[in-house]
Amino acid sequence: MVRGDMDEEEARRIRLADLILRLRRAGIMEQRVLAAMEAVPRDLFVPPEGRRDAYAERALPIDCGQTISAPVIVGMMTAALDLNPRDRVLEIGTGSGYQCAVLAKLCRRVYTIDRFRTLAAAAESRFKTLRLGNITTMVGDGTKGWPEAAPFDKIIVTAATDALPEALFEQVVVGGIIVAPLGPQDGVQKLKRLVRTQDGFTASDLADVRFVPLIPGTAARL
Ligand code: SAH
């Protein structure tokens with residue numbers, strides 16, 4: 001190993017330790033979630049010009065005008081899913097693939113959908129680099145869910161909408177959980193946790209957030 005590599009590894013280790021400290025301070029105490037986030041190098045998921053800020057506590061721009069969520073939001077959404085090693089999880093909005101990589105460390109399989117081919121392809125190559133073999137990626141319209149692979153134990157939506165598509169409610173098992181930002185594009189959204197019961201859903205609010213919009217349809221040529 002050359003000197004430069006060692007410095008880079010050391011810098012990453014320090015930034016990851018600091019990130020874990022911030023998660024704890026934000027009340028994220030689940031040991032499995034903290035370990036998963038410590039095991040995913042966030043700098044690999046941002047474009048080169050964003051590397052310096054990769055571990056900062058804010059959302060960062062990625063390709064196609066999209067964003068990767070701030071670390072505490074990723075931790076909060078992950079913890080809210082109460083992941084079990086046997087769970088099959090659907091993610092709407094692959095983006096950089098960062099949230100997906102964290103999920104993949106904690107469950108059996110993640111099915112992830114993005115409407116941009118460019119983003120899905122870049123995320124897939126990151127999953128390969130990190131040897132994450134339990135992720136299935138698709139380019140498509142996440143508002144339809146993934147009927148062929150449904151039902152899911154958990155569903156996470158990483159783009160905001162006023163009203164969740166009916167298909168997603170239908171594709172989670174009874175006892176399953178949906179975590180999604182709900183609210184208007186031009187204002188504050190509520191991060192919601194919905195639990196499916198025998199006869200409907202119970203909802204709780206987790207935080208005020210700002211996500212990019214969930215847009216029906218695919219972005220065919222991108
Ligand atoms: N989870 C991502 C952040 C995603 S940003 C990460 O960790 O980096 C939100 C993503 O949702 C964007 O990539 C956007 O293209 C995608 N998106 C928006 N509407 C969609 C839809 N209808 N179907 C699938 N993906 C969608």
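Above this text you will find the structure in question.
A. Geometry of the sheet that holds strand β9 (residues 200-209). Read across the open sheet, the seven strands follow the order β5-β4-β3-β6-β7-β8-β9; overall the sheet is mixed. Only two strands of the sheet have a single neighbouring strand rather than two, namely β5 (135-139) and β9. Averaged over all pairs of adjacent strands, the angle between their axes in this sheet comes to 15°, without regard to strand direction. Pairing of strand β3 (residues 88-92) with strand β6 (residues 152-157), which is carried by four bridges, proceeds in the parallel orientation. When the bridges of β6 are listed, L90 appears paired with I155.

B. Quick peek at the site of the ligand. Inspection of the region around the ligand gives 26 residues, with G93, S96, D114, G142 and I215 positioned closest. In this structure, a nitrogen atom belonging to the ligand sits 3.0 Å away from a main-chain N or O atom of G93. Contact distances for the ligand include 2.6 Å between an oxygen atom and a side-chain N or O atom of D114. In the complex, 99% of the free accessible area of the ligand, which totals 580 Å², lies under the protein chains. Using a 2 Å cut-off from the grid points, one finds that the ligand occupies the largest pocket. Sorting the residues of the shell around the ligand by element identifies β2 (67-68), α4 (98-104) and β4 (109-114) as the ones contributing at least two each.

C. View of the environment of T129. Mapped onto the secondary structure, T129 falls in helix α5 (residues 117-129). A relative accessible area of 57% places T129 in the exposed class. The sequence separation of T129 and L44 amounts to 85 residues, and the corresponding C-alpha distance is 9.6 Å. Side-chain polar atoms of T129 contact the backbone oxygen of S125, separated by 2.9 Å.

D. Structural view of the packing of aromatic side chains. Scanning the entire structure with this criterion turns up four aromatic pairs. Plain terms: the ring middles of F45 and Y98 are 5.6 Å apart, the flat faces sit at 70° to each other, and that makes the pair edge-to-face. With F45 in the loop between α2 (31-38) and β1 (60-61) and Y98 in helix α4, this pair connects stretches of sequence that are 53 residues apart. Across the pair, exposure class does not vary: F45 and Y98 are buried alike. Members of the aromatic cluster, joined through ring pairs, are Y111, W146 and F152. The side chain of R42 reaches across the aromatic face of Y98, ending 4.9 Å from its centre. One residue, R115, lies across the ring of F116, its end atom 5.2 Å from the ring centre.

Definitions and limits used
- Residues numbered from 1 in each chain as written.
- Predicted model: local features only at pLDDT ≥ 70, side-chain atom pairs only at ≥ 80, totals over all residues.
- Heavy atoms only, no water.
- Pairing = 2+ DSSP bridges.
- Helix = DSSP H or I, 4+ residues; strand = E, 2+ residues; numbered from the N terminus.
- Axes fitted to C-alpha atoms, helices over the stretch in contact; angles between N-to-C directions.
- Near = heavy atom within 4 Å.
- Polar contact = N/O pair within 3.5 Å; in protein donor to acceptor, adjacent residues only side chain to side chain.
- Areas by Shrake-Rupley, 256 points an atom, 1.4 Å probe, with all protein chains shown as cover.
- 1 Å grid on protein atoms, 1.4 Å probe; cavity = no way out; pocket = protein on both sides within 12 Å on 5 of 7 lines; lining within 4 Å.
- Sits in = over half its atoms within 2 Å of the grid points.
- Buried < 20%, exposed > 50% of the residue type's maximum accessible area, 1.4 Å probe, protein only.
- Phe/Tyr/Trp six-rings, centres within 6.5 Å; stacked < 30°, edge-to-face > 60°.
- Lys NZ or Arg CZ within 6 Å of the ring centre and 35° of its normal.

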